[in-house]
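One-letter residues, chain by chain:
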Amino acid sequence: MKYLTKEFYILEYLAYSNKNVKVHRRAEKFDEEFYQFIYNKQCGEFVKKEEFNYIYNNPVDKLRKIDEIINSSDISEIRRQYFSEFKNIFKTIYRKKLIYCEKNKFDKQLCERWFAENQSRLIEIYLHLPTEILNEIADIRLFALGYASERVTRSWQIYCIKLRRKLNRIKSRAYNETNVNYKYLSGSIMLNECFEGWRVTQLKGDGDNIIIDGELNRRLIIKNAKVIEGEDGYIYPYNEENPTIAASYICYVELHRITDKFELCFLMSNSNENEREELWYLSIECDDVIEIKY
């Protein structure tokens, strides 16, 4: 039995989305002019912030600054050694870009699409609110931008508090069951703490095993494994030189014990280059789960 489902994921996001709501009198009625003003303002702020993202920096300029620090007479030997090691790591990561003096090109239209896609996603999530709250919202688009009437805000806050309590009980049940089943594994592992929110870079078969690779050079080896759900699931390859492209993440992990086998259940999230999110299940029957560094 899966506790942490697609529906749970949406409701958990919804339960904590009331933190930054702004009460505004113009949210009491449908107001297209106010909506357009707020949308353009927030979209512009998002694009401006994204333009200064470190990934758009020219790595040659960054390397030059690192060299200036290393060659400075005011730096201690310990810090000089630290930056020398950092330089070697930096050159390894950006080796291709340093050769061709390339940098990721900032795309304003792409950022605007990201913002629009995120707003569409928020609207989809907010449509899961109870009918009595939805009926009080004058413009769901403005609501997704974080503006609501005082009446809606009050109802929303009460609903979110109750929802958080309910979801916490469900998550505790799932985590407790996973923790109980750790004792049957061959080695120590912390699935929820270490792998929820983990970026996956590769999913592959290796004989009777399944291997999942991801960021921080972590690898999950799932022994004597059989995929029972999500066999057609796709993992986006990770490009370390351009992390803005599509990516795959683990949202939740559950470990269940069924007779003499384990059932390892993942809720996966794929986000494409436009940040359109797709949720899918990956469930694997197995004998053991091992974590290694590679």
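Here, every reference points to the structure presented above.
A brief report on the enclosed structure follows. From a predicted model like this one, the values you see are computed outputs, not experimental measurements.

1. Here we look at helix α3 (residues 59-70)
For step 1, the next point in the chain: With 12 residues, α3 extends 16 Å from end C-alpha to end C-alpha; this agrees with the ideal 16 Å at 1.5 Å per step.
For step 2, the next point in the chain: Residues of α3 that are buried include every one of P59, L63, I66 and I70, and no others. The arc that holds the buried residues of α3, viewed along the axis, is 55 degrees, so those residues lie on one side. What points out from α3, more than 90 degrees from its buried face, is the exposed set K65 and E68.

2. What about the pairing of strand β4 (residues 209-214)?
For step 1, the next point in the chain: Counted residue by residue, β4 has six buried out of six residues, so it is predominantly covered.
For step 2, the next point in the chain: A two-sided burial pattern is seen for β4, the buried positions comprising N209, I211 and D213 on one face and I210, I212 and G214 on the other.
For step 3, the next point in the chain: Two elements, strand β3 (residues 199-206) and β4, share six bridges in a ladder whose sense is antiparallel. Paired with K204 across the bridge in β4 is I211.

3. Quick look at the pairing of strand β7 (residues 247-258)
For step 1, the next point in the chain: Among the 12 residues in β7, nine count as buried, and that is most of the element.
For step 2, the next point in the chain: Relative to strand β8 (residues 261-271), β7 is paired through 11 bridges, and the arrangement is antiparallel. Looking at the pairing, L255 lines up with L264 of β8.
For step 3, the next point in the chain: In textbook terms, the turn of a hairpin is the stretch between consecutive antiparallel strands, and for β7 and β8 this stretch comprises two residues, one of which, T259, has a positive phi near 50 degrees.

4. Quick look at unusual backbone geometry
Leaving glycine out, the prevailing phi sign among residues is negative, and the prevailing peptide bond configuration is trans.
For step 1, the next point in the chain: The phi angle at L216 is positive, at roughly 65 degrees, despite the residue not being glycine.
For step 2, the next point in the chain: Not every positive phi belongs to a glycine, and N217 is a case in point at roughly 55 degrees.
For step 3, the next point in the chain: As for its position among the elements, N217 is in the loop between β4 and β5 (218-223).
For step 4, the next point in the chain: Residue N217 is classed as partly exposed on the basis of its relative accessible area, which comes to 44%.

5. Here we look at the packing of α3 against helix α4 (residues 77-93)
For step 1, the next point in the chain: Taken N-terminus to C-terminus, the directions of α3 and α4 make an angle of 160 degrees; their axes are 9 Å apart at the nearest point. Relative to α4, α3 is oriented roughly antiparallel. Where α3 crosses over α4, the two elements pack in a sense that is left-handed. Taking contact as the criterion, the partners of P59, K62, L63, I66, D67, I69 and I70 in α3 are, on α4, R80, F83, S84, F86, K87, F90 and K91.
For step 2, the next point in the chain: Partitioned by chemical class, the residues of the contact of α3 with α4 number eight nonpolar, one polar and five charged.

Here is what the cut-offs are and how they apply
Residues numbered from 1 in each chain as written. Predicted model: local features only at pLDDT ≥ 70, side-chain atom pairs only at ≥ 80, totals over all residues. Heavy atoms only, no water. Helix = DSSP H or I, 4+ residues; strand = E, 2+ residues; numbered from the N terminus. Expected span 1.5 Å × (residues − 1). Buried < 20%, exposed > 50% of the residue type's maximum accessible area, 1.4 Å probe, protein only. Arc of directions from axis to C-beta. Pairing = 2+ DSSP bridges. Axes fitted to C-alpha atoms, helices over the stretch in contact; angles between N-to-C directions. Parallel < 35°, antiparallel > 145°, perpendicular 65-115°, else oblique. Left-handed = near helix turned anticlockwise from the far one by under 90°. Contact = heavy atoms within 4.5 Å. Nonpolar A, V, L, I, M, F, W, Y, C, P; charged D, E, K, R; others polar.

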